[in-house]
Amino acid sequence: MCGIIGYTGSLDASGKLIKGLKSLEYRGYDSAGIAVYNSELNEVIIAKSKGRVAQLEAKANGISGNTGIGHTRWATHGNVSDTNSHPHKFGNVTLVHNGIIENYESIKNQLGVAGRLKSQTDTEVVAALIDNYYQIGSDPSNAIIKAIKEIKGTFALGILFDDIPNKIYAVRNVSPIVCCKNDDGAYIASDITAIGEYSKEYFVLPELAIAEISRDGFNIYDFNGNQVDIEYIELDWDINSSGKKDFPFYMEKEITEQPAAIQRIINDYVKNDLPCFDINDKLFRDFDSITVIACGTAMHAGLIGKHLIEKLCRIPVNVCVASEYMYSMPIVNDRTLVICVSQSGETIDTLEALKYAQSNGAGSLAIVNVKASSIAMQADNVIYTNAGPEIAVASTKAYTTQVAVFYLIAAKIAYLRGILSKDDVKDFINELKKVPSAVENVIDRREEIHRLSSSLLTAEHTFMIGRGLDYPALLEASLKLKEISYIHSEAFASGELKHGTIALITSKTPVIALITQKALASKQQSNIREVQSRGAMVITIATHGISDNIDFALPTLKDDFNIIPAVVAMQLLAYYVSADKGLDVDKPRNLAKVVTVE
Ligand code: M6R
């Protein structure tokens, strides 16, 4: 939710800021803006515009200077408009903000600045608060610290002062800021994709520390003025691979990256045909129940994990939507293992739920894609999915790698608890090893899926039906279709449909049926006939040979292992519907990739 960027150095700032904002745009695309210190005029020049970075680019043309900050917005407070776009300037202070200031109304009243504020944002109030404590020539850090002590909420701030031409100040609470430098200057951003091309190493700005950033680098100190040590992290993503290459959309590119990404999970976490994490075995042995906490697609990966772990290990697994966790009076203690799943590692609801579980004694494990992200740092243990940057808002490779990790966790627990023998685990892992080529097969045959997708183009509603493990897979498939094609879609456990929802089935509601579970195939076929007899057009995606009348045949893997290829087929289905409707597949309306507000 919102991306911020900053650069100070020897080169033109606005070009770098605009370039970085294009990489950050997936965090929010309601509006964009930059502020650059122009040394000839001795003033901060702001250009901002509602809409995409491309619209800002035209307005920012000609703004020169070597120090600046930028922002791409997902609106929370105040509508989408030029005025509410960041940066915001008040008095001598100009800033960009990612996060939410909860007490902005009371600060506004206390400062008595309501009449002087131009926007309806929570952010402009922070600029006013810092300005309130700042006099030209005084120490900016003191003003920032005084202001921060009064603020309640989450924030990552990049700040310019009117009389300090060559420095940016930054401070954060919860919302992320990463930093790097090279011979040309120093950079800050909400995530490394925006600045990773400038250095092979970076660090995460510690929470509630002030960063004073000049072209020579970073001076970081705590609120008492003590120097804060920083820990550099090596960037092991190939940042060049984060481009779109020849694909029309990132989503298609990321779908095609899945065989390699799942193979990487197997290479990284399987040794001698056994699951192997750099984590003490105690974590997988010493607990009575598991709670998976996550949101959206990551939560759907958790539902697959629940099925696998419960089936293999006979341990209860509860899957909780992160935003509900704390308020559901969860049963959590030191015999609970909490597994948080998150692509970005920054989803605030997941992070807060994790902290809550930890404070109640739970052991914790994070399955995260982004290195050194907040959830990765907060959890006691982490398994990285190493899927590389995922830019499309709709998650694809993040999901399949999370699911692949759950197969390995299930096998690990079963092995450590003596439920599966070494040979059984090896058989299990050997079946998992077939998944990358099965996914490759689905992707190679994507034109078959493209043809099927044409029958969904004019649909307003679709239903998806499946049994057993197919049902949670369809929850994910349904989310994919909804978010990028704007077709209303609902996934149902097939047997549940006739308890109400079948009333909605007409000849205008396509139904997508998934069959990968042999033991449930005949029941599922009956359910398909039930909807067909109400006139529904059914698209059947099923394991080759499991059923008659298959529209898209999945490769023949054992029941539990065809879920990943099945979801990939349905990612492609959603993708083609969206692309053929002429929609912006990568940036669906109202959404943002990283959800850092509750
Ligand atoms: O970064 P996270 O995995 O924590 O994000 C959670 C959800 O916002 C995310 O999975 C979302 O549902 C997907 N991007 C939708 O495709």
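Every chain's residues receive numbers from 1 upward, in the order its sequence appears when written. In view of the model being predicted, local features appear only for residues whose pLDDT reaches at least 70, and side-chain atom pairs are presented and counted only at 80 or more, with totals across whole chains, interfaces and linings using the full set of residues. As a rule here, side-chain values come from all non-hydrogen atoms in the structure, and water together with hydrogens is ignored.

### Observations concerning the overall build of the protein
Thinking step 1. Broken down by element type, the protein carries 19 helices and 26 strands.
Thinking step 2. C-alpha atoms define the radius of gyration, and 2.2 Å times the number of residues to the power 0.38 defines the globule rule. Computed over the C-alpha atoms, the radius of gyration of the protein is 25 Å, within 12% of the 25 Å expected from 2.2 N^0.38 for a compact globule of 598 residues.
Thinking step 3. Taken over the C-alpha atoms alone, the protein extends approximately 80 × 55 × 45 Å along its principal axes.
Thinking step 4. Partly exposed describes any residue whose relative accessible area lies between the buried limit of under 20% and the exposed limit of over 50%, with all areas from a 1.4 Å probe on protein chains only and scaled to the type maximum. With 598 residues in all, the protein has 62% of them scored as buried.
Thinking step 5. The contacts of the protein with a sequence gap of at least 6 include a subset with a gap of at least 24, amounting to 72%.
Thinking step 6. Within the structure as shown, the protein displays about 22,300 Å² of accessible surface, and the carbon and sulfur contribution to it stands at 47%.
Thinking step 7. Of the charged side chains in the protein, 58 are positive and 71 negative, and the gap between their average positions amounts to 4 Å. Per the convention used, a helix needs a DSSP run of H or I reaching at least four residues, while a strand needs a run of E reaching at least two, with both numbered from the N terminus. Whether two residues are in contact is decided by their heavy atoms: any pair within 4.5 Å suffices. All accessible-area figures derive from a Shrake-Rupley calculation using a 1.4 Å probe, and residue coverage is judged against the displayed protein chains alone. Only four residue types enter the tally: Lys and Arg on the positive side, Asp and Glu on the negative side; His and the chain ends are excluded. The location of each charge is read from NZ of Lys, CZ of Arg, CG of Asp or CD of Glu.

### Comments concerning helix α2 (residues 53–60)
Structural remark: α-helix, 3.6 residues per turn; residues separated by three or four positions point the same way.
Thinking step 1. Of all the residues in α2, the buried ones are Val 53, Leu 56 and Ala 60. For α2, the arc enclosing every buried residue in end-on projection is 55°, short of the 170-degree limit, so these residues lie on one face. Every exposed residue of α2 that faces more than 90 degrees away from the buried side is listed here: Ala 54 and Ala 58.
Thinking step 2. For α2, the secondary structure elements touched by its buried residues are α1 (13–24), β2 (31–38) and β3 (43–50). To obtain the arc, one takes the directions from the helix axis to the C-beta atoms.

### Some details on unusual backbone geometry
Thinking step 1. Here the residue pair His 86 and Pro 87 is connected by a cis peptide bond, since its omega of 0° sits within 30 degrees of zero.
Thinking step 2. Locating Pro 87 in the fold gives a position in the loop between β4 (67–73) and β5 (88–90).
Thinking step 3. Of note in the backbone geometry, Ala 372 takes a positive phi value of approximately 55° without being a glycine.
Thinking step 4. Along the chain, Ala 372 turns up in the loop between β20 (363–368) and α12 (374–378).
Thinking step 5. By relative accessible area, Ala 372 is classed as buried at 10%.

### Here we look at the packing of aromatic side chains
Thinking step 1. Within 6.5 Å between ring centres, the rings of Phe, Tyr and Trp (the latter by its six-membered ring) count as paired, and their orientation is classed by plane angle as stacked under 30 degrees, edge-to-face over 60, tilted in between. By the definition in use, this model includes 15 aromatic pairs.
Thinking step 2. Against the face of Tyr 384 rests Lys 371, its NZ or CZ located 5.1 Å from the ring centre.
Thinking step 3. Cation over ring: Arg 589 sits above Tyr 486, and NZ or CZ is 3.8 Å from the ring centre. Only Lys NZ and Arg CZ are tested; either one counts as a charge over a ring when it is within 6 Å of the ring centre and within 35 degrees of the ring normal.

### Focus on the pattern of salt bridges
Thinking step 1. Any carboxyl oxygen of Asp or Glu within 4 Å of a side-chain nitrogen of Lys or Arg constitutes a salt bridge here. According to the stated counting rule, one finds 25 salt bridges in the structure shown.
Thinking step 2. For Lys 433, the salt bridge is made with Asp 273, and the minimal N-O distance between the two is 2.5 Å. One end of the pair, Lys 433, is in the loop between α14 (422–432) and α15 (435–444); the other, Asp 273, is in the loop between β15 (270–271) and β16 (274–275), and 160 residues separate them in sequence.
Thinking step 3. With a relative accessible area of 34%, Lys 433 lands in the partly exposed category.

### What about the site of the ligand?
Thinking step 1. Any residue with a heavy atom positioned within 4 Å of a molecule or strand is treated as near that molecule or strand. Taken together, 13 residues lie around the ligand, and Ser 342, Gln 343, Ser 344, Thr 347 and Glu 483 are the ones closest in.
Thinking step 2. Note that an oxygen atom of the ligand is positioned 3.1 Å from one of the backbone N or O atoms of Thr 297.
Thinking step 3. A distance of 2.6 Å separates an oxygen atom of the ligand from a polar atom in the side chain of Ser 344.
Thinking step 4. Computed on the free molecule, the ligand has an accessible area of 410 Å², of which 91% lies beneath the protein chains in the complex.
Thinking step 5. Contributions of two or more residues to the shell around the ligand are made by α9 (296–313) and α17 (470–485).
Thinking step 6. At three residues, α9 tops the list of elements feeding residues into the shell around the ligand.
Thinking step 7. Charged residues are taken to be Asp, Glu, Lys and Arg, nonpolar residues to be Ala, Val, Leu, Ile, Met, Phe, Trp, Tyr, Cys and Pro, and polar residues to be all remaining types, Gly included. Of the residues in the shell around the ligand, the class split is four nonpolar, seven polar and two charged. Here a polar contact is recorded for every N or O atom pair within 3.5 Å, except that within protein the pair must consist of a potential hydrogen donor and a potential acceptor, and residues adjacent in sequence are included only if both atoms are side-chain atoms.

### Re the domain arrangement of the protein
Thinking step 1. Either an automatic procedure or a domain database provided the assignment from which the domain bounds are taken. Each assigned domain of the protein is listed here: domain 1 (3–235), domain 2 (243–433) and domain 3 (444–586).
Thinking step 2. A straight line from the C-alpha centre of domain 1 to that of domain 3 covers 45 Å.

### A few points about the sheet that holds strand β24 (residues 511–515)
Thinking step 1. DSSP bridges decide pairing: two strands pair if at least two such bridges lie between them. Strand order in this open sheet of five strands is β23-β22-β24-β25-β26, and the pairing throughout is parallel. Each end of this open sheet is capped by a strand with a single partner; those strands are β23 (488–493) and β26 (552–554). Sheet twist, expressed as the average angle between the axes of neighbouring strands with direction ignored, equals 20°.
Thinking step 2. Where β24 meets strand β25 (residues 538–543), five bridges bridge the pair, whose relative direction is parallel. Within the sheet, the bridge partner assigned to Leu 514 lies in β25 and is Ile 541. Where helices are involved, their axes are fitted lines through C-alpha atoms of the stretch in contact, as for all axes, and angles between N-to-C directions lie from 0 to 180°.

### Describing the pairing of β20
Thinking step 1. For β20, the buried fraction is high: five of the six residues fall into the buried class.
Thinking step 2. The pairing of strand β19 (residues 336–342) with β20 spans six bridges and is parallel. Residue pairing in the sheet places Cys 340 in a bridge with Ala 366 of β20.
Thinking step 3. Once you follow β19 into helix α11 (residues 348–359) and on to β20, the crossover reads as right-handed.
Thinking step 4. Bridging between β20 and strand β21 (residues 381–384) involves four bridges; their strand directions are parallel. Residue pairing across strands places Val 368 opposite Tyr 384, the latter belonging to β21. Call a crossover right-handed when, viewed with both strands pointing away from you, the route from the first strand across the helix to the second goes clockwise.

### Focus on helix α18 (residues 521–532)
Thinking step 1. In this scheme, a helix's expected span is set at 1.5 Å multiplied by one less than its residue total. The end-to-end C-alpha distance of α18, which contains 12 residues, comes to 16 Å, matching closely the 16 Å that a straight helix rising 1.5 Å per residue would cover.
Thinking step 2. For α18, the elements touching its buried residues are β22 (461–466), β24 and β25.

### Description of the packing of α1 against α2
Thinking step 1. Where α1 contacts α2, the two axes come as close as 10 Å, and the packing angle between them is 170°. Taken together, the axes of α1 and α2 lie roughly antiparallel to each other. Residues Ile 18, Leu 21 and Lys 22 of α1 touch α2, and the partners they reach there are Val 53, Leu 56, Glu 57 and Ala 60.
Thinking step 2. In terms of residue class, the contact of α1 with α2 is built from five nonpolar, no polar and two charged. Put simply, angles under 35 degrees are roughly parallel, angles over 145 are roughly antiparallel, angles from 65 to 115 are roughly perpendicular, and the rest are oblique.

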